[in-house]
Amino acid sequence: MKIRQIVKTVFMTEIVKGMALTLKSMFSHAVTRQYPKEPRPAMPGFRGLHALTRNPQTGEARCVGCGLCAAICPSQCIHIYTTDSPDHTKVVERYEIEVLRCIYCAFCVEACPYSAVVLTEHYEYSAYNKKDLYMTKDRLLSNYDKYMGWEKDQEYFKKFWHPLTADFGTPENQAVFKRRKEGR
Amino acid sequence: MMKFFELTALVSLGLLLLKIAVVIGAVMLHVAYATYFERKVIGHMQVRLGPMNVGFHGLLQPIADFVKLFFKEDIIPEQSDKPVFFIAPVIAVFATMSSVAVIPFYEGFRISNINIGLLFILAMSSLGSYGIIMAGWASNSKYSFLGGLRSSAQVVSYEIALGLSLVGVMMLSGSLNLTDIVKAQERYPFGMFLLPQFLGCFVFLISAVAETNRSPFDLPEAESELVAGYFVEYSGMRFGLFFVAEYLGMIIMACLGTICFLGGWNGPFPIPYLPFGWFVIKIYIIVFVYYWIRATLPRYRYDHLMGLGWKVLIPLALLNIVITGIFKVLA
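Analysis parameters
Residues numbered from 1 in each chain as written. Chains lettered and ligands numbered in written order. Predicted model: local features only at pLDDT ≥ 70, side-chain atom pairs only at ≥ 80, totals over all residues. Helix = DSSP H or I, 4+ residues; strand = E, 2+ residues; numbered from the N terminus. Rg over C-alpha atoms; globule rule 2.2 N^0.38 Å. Buried ≥ 20, exposed ≤ 12 C-beta atoms within 10 Å, placed from the backbone. Contact = placed C-beta atoms within 7 Å. Core = buried A, V, L, I, M, F, W, Y, C linked by C-beta atoms within 7 Å. Domains from an automatic or database assignment. Nonpolar A, V, L, I, M, F, W, Y, C, P; charged D, E, K, R; others polar. Pairing = 2+ DSSP bridges. Axes fitted to C-alpha atoms, helices over the stretch in contact; angles between N-to-C directions.

## Observations concerning the overall build of chain A
Item 1. A tally of regular secondary structure across chain A gives 7 helices and 5 strands.
Item 2. Along chain A, helices and strands appear, N-terminal first, in the series α-α-β-α-β-β-α-β-β-α-α-α.
Item 3. In terms of overall size, chain A is more extended than a compact globule, its C-alpha atoms giving a radius of gyration of 28 Å where 184 residues would be expected to give roughly 16 Å.
Item 4. By its C-alpha atoms, chain A is 100 × 50 × 30 Å across when sized along the principal axes.
Item 5. When the 184 residues of chain A are sorted by exposure, 20% land in the buried category.
Item 6. Expressed as a percentage of contacts within chain A between residues at least 6 apart in sequence, the contacts between residues at least 24 apart total 74%.

Structural data, given as structure tokens:
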């Protein structure tokens, strides 16, 4: 044992082992991703830039201005201003998100009963001033057109958003009054 | 008659200046690309890529670094000792750069052929540490002061081991002239002192790493404890000068190792049109080993560093001298 220890010290076997390891790893493939050249695709369900979804029939925003998202937002970065229209329906006049204050918790997406406010997979949106990162309603809608779209919307609707209103419909097998079922 | 002499003197002076320009240019290019290859080699050893963006595979990175350093703001600490602060990087660079003058790159090509070439290089490498100590002192910062103190202690202790490891070479070749040392090696196996002087070579390589303040003996600049050691307060081109001095010192030590232990410009077969081919290849191998050691080993503790220098390397070098002496007497 003693002689072995001495041989180990004299020939520096441990250092030689370490050197062999570094030499071996020199010829292995580097794991670096060269980011701007090789962008990384976002995983499904990624919480990136915000968007307001559109109603596929009307093309307008699904948002009804209930304010649940603004209420639950921990960093209070959602501002909603609503008014009354002449026919007494609620109109969402302004819907604004301060992206710089957002913490991407997606509580707003969970709270929204219509999945009107969502987070897209887009994550490369750095800007040189605060104004570019202050999202107004128009910009949020155009974010939806650019980074979400109808097909992805459907997929996300089923898998991730699944708002409360998705379950509001009447199942076919539910018992109902006869007159009602016949549609009188 | 006078005119003729003046003309020949002028021509030889011009040739000498041209020679110096060529050598300095080539060496500085090597220094620049030593930084690039260090980053590349260490990067690949750590399963990274190293510089990739400036030019093809980052080949223009050293030039970009130079331009950046040159145009950076030069910050001078208010409480610093100005003249010493200014002169320290210059001393560090010029002490190492003047060693290039005596290095024979191939048969008959060197700037000056002096008989104490080996001693000259050793003297210059210890002068280089003055630059470091002065920088540490003049910066008026505790980090750089500690770095300077550590450097002086380290250089003083490892210089002895470095000098003693070369004594065996001097005994075998019977000369301090670097050209004569290379020529003396032709009689030995592989045309090198590597086998008859393996102990000396071992001690030399380790103390050369310590002498140039490189990892695992980079205590003077220990990033994790002293931020950057003796050049914390330097910025811009003054910092660049220290950087150049470090890599230049590394290349000088590689040259010295090549000349004293690896047989200089002699190789197993002559490379056509490149008389310095083998010399350069051997330097690259030694410099690569420097990088390799840096990528592998962690930094020594300070007392271990001193213990290694005084208790291991110096006795080994002395043993090498005794063994060489016995063989010299017997043979």
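Structure's up, so let's keep going.
## Brief notes about the nonpolar core
Item 1. Formed by 85 residues in total, the largest nonpolar core has its most connected members in Ala92, Ile251 and Val287 of chain B.
Item 2. Tallying contributions element by element places helix 9 (residues 236-261) of chain B first for this core, with 17 residues.
Item 3. Of the residues that make up this core, three or more belong to each of domain 1 (1-71) and domain 2 (81-330) of chain B.
Item 4. Ignoring sequence-local partners within four residues, the contact set of Ala92 of chain B consists of Gly128, Gly131, Ile132, Leu241, Phe242 and Ala245 of chain B.
Item 5. Leu68, Cys108, Val109 and Trp161 of chain A belong to the second-largest nonpolar core, a separate cluster that totals 28 residues.

## Thoughts on the interface of chain B and chain A
It is common to give the size of an interface as the accessible area lost on bringing the parts into contact.
Item 1. In this assembly, 11 residues from chain B lie in contact with 12 residues from chain A.
Item 2. Within the residue set of the side of chain B that touches chain A, elements represented by two or more residues are helix 1 (2-45) and helix 10 (277-296) of chain B.
Item 3. Its residues assigned to classes, the side of chain B that touches chain A shows 8 nonpolar, 2 polar and 1 charged.

## Overview of the sheet that holds strand 5 (residues 134-135) of chain A
All names here are of chain A.
Item 1. Strand order in the open sheet formed by 3 strands is 2-3-5, with antiparallel pairing between adjacent strands. Of all strands in the sheet, those with a lone pairing partner are strand 2 (78-84) and strand 5, marking the two edges.
Item 2. Sitting on the sheet, helix 5 (residues 137-147) touches strand 3 (90-98) and strand 5, and the angle it makes with strand 3 is about 80°.

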